[in-house]
Amino acid sequence: MSTTVEEREQIKYKPNDFKSDQDVRWCPGCEDYAILKAFQTALAEIGIAREKHAVISGIGCAARLPYYMTTYGFHTIHGRPIPVATGVKVANPELSVWVMTGDGDAISIGGNHLIHVMRRNVDINILLFDNRVYGLTKGQYSPTSDRGTVNKSAPMGTIEEPAEPLALALASGATFVARTSAAYVKHLVELIVEAHKHKGTSFIHIYQNCYVYNDGVFDQFTEKDVREDRNIVLEHGKPLLFGKNNDRGLKFKDGRIEIVEFKSGNPPDDITVYDETNLSLALSLSRLYWPEYPVPMGIFRRVQQPTFEDSIQAQIKRAKEKLSPDINRLLYSGDVWEVK
């Protein structure tokens, strides 16, 4: 006996309910596997039927993800998953729409779409897999590669400053911006669930190691034995503290971030309390890098604003009320003629 959508929403889902029968084809050990597992786990936790999700991708290693889901999915063209996702959401606002993209797909060829979806605040969720390299096409440097990165396309080292995805998202008006690492699966699951709760564009920047073409690029601050000292977790309403011994914090003053050291467990009163609605603070934190500073992880910004699709529907309603739609009046307006 088949079940209705309403009956299925009473079901307690498991990650395997969102797993397709396709063989997963990424390089052995790729952290895309961890992101896929986190995404399936998060959808099970969100607890809505798989036919209420649509997963859209562009081109790149990350773009294979829709094949491995039992949701609706669409593998589009390079740099164009966001326009397709916008159309899906506007046409069917009831769908939960997810974009899977990489640093080349979203920051390079699709960069313009990324800026505009954020200023429009379309209610879609974007997961950016950032391995700082074009893995699918054999390892050219990408827009997020560090200056000086040496590889086959830059044998003497890149001469470009890297783009910072978080700063770009914040400056473009994104209403939900977060960062984590594919190595922190539990944290990634939590952020995906929070992104789904948010109404408006949500953007999660995920550091993702590429074992073949850029191995170890994030190890200095994501390895288990150093992450407590080299990451700082952002929590709204809580002081910015970090360190294995809980003996350091951040102070935001006059647009600058300072590291403050103190006796373990006894932070001074001037340590900044994190406020996820403070755009200036979020922008300053987005530019902190190891080894000068701890690398911030968590939700940088979360504010509520009208969404693109809600504004469209409201405008259509106002137009109907003002203009009284009449198909005959439209057809016979202006010059008309009769064909005999």
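Bear in mind that the values here come from a model prediction, so they are computed numbers and not experimental data.

Asks: It is not clear to me how the pattern of salt bridges should be interpreted in this structure. Could you clarify?
Replies: In a structure, side chains of opposite charge can pair up when their charged atoms sit close to one another. If you walk through the whole model with that rule in mind, you get 15 salt bridges. Residue Glu 194 is joined to Lys 197 by a salt bridge in which the shortest nitrogen-to-oxygen separation is 3.0 Å. One end of the pair is Glu 194 and the other is Lys 197, both in helix H7 (residues 185-197) and three residues apart, which spans about a single turn. Between Asp 229 and Arg 248 there is a salt bridge; the shortest N-O distance is 2.7 Å. On the criterion of sequence distance, the pair formed by Asp 229 in helix H9 (residues 227-230) and Arg 248 in strand S9 (residues 248-253) is long-range, its members being 19 residues apart.

Asks: Sorry if this is basic, but what is going on with the sheet that holds strand S10 (residues 256-261) here?
Replies: As a general point, the strands of a sheet are linked pairwise by backbone hydrogen bonds and lie either parallel or antiparallel. Reading across from one edge, S8-S9-S10 is the order of the three strands in this open sheet, with antiparallel pairing throughout. Sheet topology places strand S8 (241-242) and S10 at the edges, where each strand pairs with a single neighbour. Here S9 runs beside S10; their pairing, made up of six bridges, is antiparallel. Counterpart to Leu 250 in the pairing with S10 is Ile 259.

Asks: What's the story with helix H11 (residues 308-323) in this structure? I'm lost.
Replies: Working note: α-helix, 3.6 residues per turn, so residues spaced by three or four point in the same direction. The end-to-end C-alpha separation of H11 is 22 Å, in line with the 22 Å expected for 16 residues at 1.5 Å each. Among the residues trailing H11, Ser 324 stands out with phi positive, at a value near 45°.

Cut-offs used in this document
Residues numbered from 1 in each chain as written. Predicted model: local features only at pLDDT ≥ 70, side-chain atom pairs only at ≥ 80, totals over all residues. Heavy atoms only, no water. Salt bridge = Lys/Arg side-chain N within 4 Å of Asp/Glu carboxyl O. Helix = DSSP H or I, 4+ residues; strand = E, 2+ residues; numbered from the N terminus. Pairing = 2+ DSSP bridges. Expected span 1.5 Å × (residues − 1).

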